[in-house]
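Descriptive structure summary
Residues per chain, in single letters:
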Amino acid sequence: LGSSLGVVELTVALHHVFNTPEDKIIFDVGHQAYPHKILTGRRREMSGIRKSGGLSGFTNRAESEYDPFGAGHSSTSISAGLGMAVGRDIKGRKNNVISVIGDGAITGGMAYEAMNNAGYLDSNMIIILNDNKQVSLPTQYNGKSQDPVGGLSNTLARIQANKPLRELREIAKDLTRGLPGPLPEVTAKIDEYARGMISGSGSTLFEELGLYYIGPVDGHNLDELTAILKEVKNTESIGPVLIHVMTEKGSGYLPAMTASDKMHGVSSYDVATGKQNKPQTKTMSYTNYFADSLIAEAEKDSRIVGIHAAMGGGTGLNRFEKRFEDRTFDVGIAEQHAVTFAAGLATEGLIPMCAIYSTFLQRGYDQIIHDVALQNLPVRFAMDRAGLVGADGATHCGAFDVAYLACIPNMVVMAPSNEAELCHMVATSIAIDDRPSAFRFPRGNGIGVDMQALGVASNYKGQPVEVGKGVVRREGTDVALVGYGQSVNACLAAAEMLSEHAISVTVVDARFCKPLDTQLIRRLAKSHGALITVEEGSVGGFGSHVLQFLSLEGLLDDGKLKVRPMCLPDRFIEHASPAEQLEEAGLTASQVASTVLTVLGRPRDSLEVLQPNLKSR
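Residues numbered from 1 in each chain as written. Predicted model: local features only at pLDDT ≥ 70, side-chain atom pairs only at ≥ 80, totals over all residues. Heavy atoms only, no water.

**Quick word on the pattern of salt bridges**
Under the criterion given, the structure shown has 22 salt bridges. Between Glu63 and Arg42 there is a salt bridge whose closest N-O contact spans 2.7 Å. A residue pair is termed long-range when its members are at least 10 positions apart, and Glu63 in the loop between α3 (34-42) and α4 (77-91) and Arg42 in helix α3 qualify at 21 residues. Among the residues examined, Glu63 registers a relative accessible area of 25% and is labelled partly exposed. Residue classification places Arg42 among the buried positions, given a relative accessible area of 3%. Across the pair Glu553 and Arg522 runs a salt bridge, and its minimum N-O distance is 3.0 Å. Of this pair, Glu553 sits in the loop between α22 (542-552) and β17 (562-566) while Arg522 sits in helix α21 (residues 518-527); the two residues are 31 residues apart in sequence, bridging distant segments of the chain. Here Arg522 falls in the partly exposed class, since its relative accessible area comes to 26%. (Salt bridge = Lys/Arg side-chain N within 4 Å of Asp/Glu carboxyl O. Helix = DSSP H or I, 4+ residues; strand = E, 2+ residues; numbered from the N terminus. Buried < 20%, exposed > 50% of the residue type's maximum accessible area, 1.4 Å probe, protein only.)

Below, the structure written as C-alpha cells:
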C-alpha cells in the first residue's frame, strides 16, 4: 500500500506525458504499480487483486498490454528497459522507454550492471529513481550517514532538464571529441565537476556510468514532474537519462505516513484508522520460530552471525538484530554478495546464518556452488517461504530450492515438518561445521505441536538431530508415505482417511533430502507394496533423489514395488489462497489419499475420497 501511495503523482505524470502502451513504462518489483493498474483500465478489478482469478500484485505481461515486463524480483527494470530500447532502435521505431526503480532496488548489483551497459550503448531511455528513503536496508539515500543524491531545488532541476541546455551540451560533446590531445578529457572533467557541484556529491556516480543525471525532483509536485518529463521527452539528444525523484512512502494517507513500515504490506484494514485486521493465532509464524531459535543459539555461541538481503522483517532477522545488533548484517538487495560475504565470514571461523527467501536465493546460485560448496565452507542457508506462498503467487513461490541445492556436492539439505522440527534444524545446522547446509520452511504459522514434549526448550533452543536420518511417524504394512517438510502433515492426515478404507499406512518424516536415509528407504521398499513421496517442491527434488536411489539399488527391478512421486506440477501456480493453491497443485491430504487408492487399483474409493458425497449414492 505505502509504495503505491508514494508514486500517485509520478504515475499520473508519466501517463499524461507518455503515450502508453506504445511508450513502455517498466516498474521495478511492482509494489508501486497499483496506481498504474488503476489508470490502465483495471480499476474495477482492484478489489480482487492477489486473489484467485484476480489481478496480480505485480506487473504481468499476460494481464495487460500496459505491462510491458513482468516483475516481482528486484533490480530488473533497467536491464529490461535497455533491451526494449535497443530492440526499438534495431527496428527503427521512435517510442520512449521508461524504467521506474526504487532506492532499494537500485542497490542491487544488476541495476548497476544495466546502467553501466546503458551508458556504453548510449540508447535513448529514461530511468526514474523513485527515492522515498524508506528501504529496509542501508543505502546512500537513507538519510543517515550520507546525504541523498544531489541537493538541487526543483527550479535548478528544471534548468538541467531544459532542452536548449542539454542540446548545447550534446553539441559541445561532439566538438570536443574531434579536438586533439587531452583537451576532450579536460573538457569532460570540467563538465563532470561542474555537474557534481550543481547536483550534489552523488550525481557524478551516475555520470560516470554514462547517464545524464537530473534531480532531485519533488515527486509530489505534479506540475514540476510534468514539465521535466516533457522536456526530457522532447529533447533531441542521445543517451540514457536518470531523473532522481523524491517521494514519501504512504503519501496522503496519515496512517501509512506515520507507521514504522509505512504500511508496505497490509492485510485488510480499517480505512479511517489504518488498523489492520490481523487474525489472532495460537502459534507464531515459522519465521519467528526460526528467529527465536537462532537467538537462543547465539546466546550460547558468540560466533553466530545473521545475514539477510534487505529482508530483516521477512526473514525474522529484525528480531535477531534487536538482541545482537553488531552480529546482524543487512547487505542490501544483493543476494550474490550475501552468499559470498557469508563464505568469507566462514573462513574466519564465524558461524554465518544466511537467511534468504527460497525464491530470492536463486539469485545467488553460482556463489553457492563456486564460493561455498566447492570450498566446503560451513555456511548455513535458512530459506523462508518454501513451497507455495498464497497471494504473492508465482514470482515468490519457493518451488525450486530442493532441486537446485540437493544436486550440489557437499551440501546438506533438510526440511522440518513442524515448528519443533524447525528449531531442531536450526540447532543441527549450527552443529554442522564441516560443510554447508540448508533448511527450508514455509510461510504461515506453526501447526501447534507441544514444543516441550518434542524437546524444544522454553527459549526455543532445539537439539541437533542425526544428519541423514528420517523418522517414522506412523507404522503400517500396506503403503509407505514418505513426506518431506510440511507435506508430512498431509501424509498423516491421508493415513487417517485411508484407515477408513482398511489400508495400513506407514508415514515417514524424511527430514533430509541429502544425505538421504537410504537404510530407511530400503526397508520401506522391501516391506511395502507401494511407496509414495510427497513434497511441496518442483520436479527434480526429494522424490527424484528417492527414485534415483531405488533405481540404482535395483529395488524396482522385480516390479513388486509401485512408486509414485507427488510434487508441484511442472507449471507456475498463480496467486490464490494457500488452500486453493495446494488443491491446484494436487497435494492436499485427500489428494494424497486418492493417489494411494488409485495405485492400489481402487478407483471408486479414490473418487470417494475426493468427493465424499459419492459415498451416499
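**Digging into the confidence of the model for the protein**
For the protein, the mean per-residue pLDDT works out to 87, and 87% of the residues sit at or above 70. In this model, residues 136-161 is a region of pLDDT below 50 whose contacts with residues beyond four sequence positions or in other chains number 80 contacts. Contacts from residues 186-202, a stretch scored under 50 in pLDDT, to residues over four places away or in other chains number 28 contacts. (pLDDT = per-residue confidence, 0-100. Contact = heavy atoms within 4.5 Å.)

**Considering the packing of aromatic side chains**
Scanning all chains against the criterion turns up 11 aromatic pairs. With a centroid separation of 6.2 Å and an interplanar angle of 25 degrees, the aromatic rings of Phe439 and Phe441 are classed as stacked. Residue Phe439 is classed as buried on the basis of its relative accessible area of 0%. On the accessibility criterion, Phe441 (2% relative accessible area) is buried. In this structure an aromatic cluster arises from ring pairing among Phe290, Phe439 and Phe441. The residue whose ring lies beneath Arg327 is Phe324, and the NZ or CZ to ring-centre distance is 4.2 Å. (Phe/Tyr/Trp six-rings, centres within 6.5 Å; stacked < 30°, edge-to-face > 60°. Lys NZ or Arg CZ within 6 Å of the ring centre and 35° of its normal.)

**Remarks on unusual backbone geometry**
Residue Pro216 follows Gly215 across a cis peptide bond; omega there is 0 degrees. Of note, Pro216 is situated in strand β4 (residues 212-218). Of note, the bond from Lys514 into Pro515 is cis; its omega dihedral lies within 30 degrees of zero at -5 degrees. Looking at the element boundaries, Pro515 is found in the loop between β15 (512-514) and α21. Even without being glycine, Asn410 reaches a positive phi, approximately 80 degrees. In this structure, Asn410 sits in the loop between α18 (401-406) and β10 (412-414).

**Focus: the sheet that holds strand β7 (residues 328-330)**
With respect to topology, 7 strands assemble into an open sheet ordered β7-β6-β8-β9-β11-β10-β15, the strand pairing being mixed. Looking at the sheet topology across the chains shown, the edges are occupied by β7 and β15. With direction set aside, neighbouring strand axes in the sheet form an average angle of 20 degrees. In this sheet, β15 lies alongside β10 in antiparallel orientation, the contact comprising 2 bridges. Residue pairing for β15: Val413 is matched across the bridge by Lys514. (Pairing = 2+ DSSP bridges. Axes fitted to C-alpha atoms, helices over the stretch in contact; angles between N-to-C directions.)

**Some details on the side chain of Gln32**
Note that Gln32 resides in the loop between β1 (24-27) and α3. A residue is classified by how much of its surface remains accessible, and Gln32, at 6% relative accessible area, is buried. Those residues in contact with Gln32 that sit more than four places away from it in its chain are Ser3, Ser4, Val7, Phe27 and Val100.

**Thoughts on the environment of Leu39**
Tracing the sequence through the fold places Leu39 in helix α3. Under the relative-accessibility criterion, Leu39 is labelled partly exposed at 44%. Distance in space between the C-alpha atoms of Leu39 and His15 is 8.0 Å, their sequence separation being 24 residues. The residues contacting Leu39, other than those within four sequence positions of it, are Thr11, Val12 and His15.

**Some details on helix α5 (residues 109-121)**
Look at α5: 18 Å from first C-alpha to last across 13 residues, which is about the 18 Å you get at 1.5 Å a residue. Every buried residue belonging to α5 is among Ala111, Ala114, Met115, Ala118 and Gly119, and all of these are buried. Within α5, the buried residues cover an arc of 135 degrees as seen down the axis, which keeps them to one side. Exposed and facing more than 90 degrees away from the buried side of α5 are Glu113 and Tyr120. After α5 finishes, the residue Asp122 shows a positive phi value of roughly 60 degrees. (Expected span 1.5 Å × (residues − 1). Arc of directions from axis to C-beta.)

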